[in-house]
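# An overview of the molecular structure
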Amino acid sequence: MKNKNRLVFKIIFVLFLALVLFFLYDMSRQTTAPWNKKKQLERALPKD
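On a predicted model such as this, the values are computed, not experimentally measured, just so you know.

### Notes on the packing of aromatic side chains
Tallied over the full model, the rule gives two aromatic pairs. Taking 6.3 Å as the distance between ring centres and 20° as the angle between the ring planes, the aromatic pair formed by Phe9 and Phe13 counts as stacked. Of this pair, Phe9 and Phe13 both sit in helix α1 (residues 2-30), four residues apart, which is roughly one turn of the helix. Residue Phe9 is classed as exposed on the basis of its relative accessible area of 58%. When its relative accessible area of 44% is taken as the criterion, Phe13 is described as partly exposed. Between Phe22 and Phe23 the ring centres are 5.7 Å apart and the planes differ by 65°, which places this aromatic pair in the edge-to-face class.

Conventions used here
Residues numbered from 1 in each chain as written. Predicted model: local features only at pLDDT ≥ 70, side-chain atom pairs only at ≥ 80, totals over all residues. Heavy atoms only, no water. Phe/Tyr/Trp six-rings, centres within 6.5 Å; stacked < 30°, edge-to-face > 60°. Helix = DSSP H or I, 4+ residues; strand = E, 2+ residues; numbered from the N terminus. Buried < 20%, exposed > 50% of the residue type's maximum accessible area, 1.4 Å probe, protein only.

It is worth stressing that arrangement in space is one thing and function is another; only the former is reported here.
Written as structure tokens, this is what we have:
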């Protein structure tokens with residue numbers, strides 16, 4: 001019984017960790033770092 005509980009905990013932990021990492025990756029792709037905001041604005045609105 002002790003080993004089964006440990007296995008269930010490990011499986012849930014790995015799934016939770018994967019979910020958190022996925023959300024972190026997704027958020028990092030959709031946001032811009034503060035030091036890149038000016039560059040992003042120049043790319044979006046080129047000064048011609």
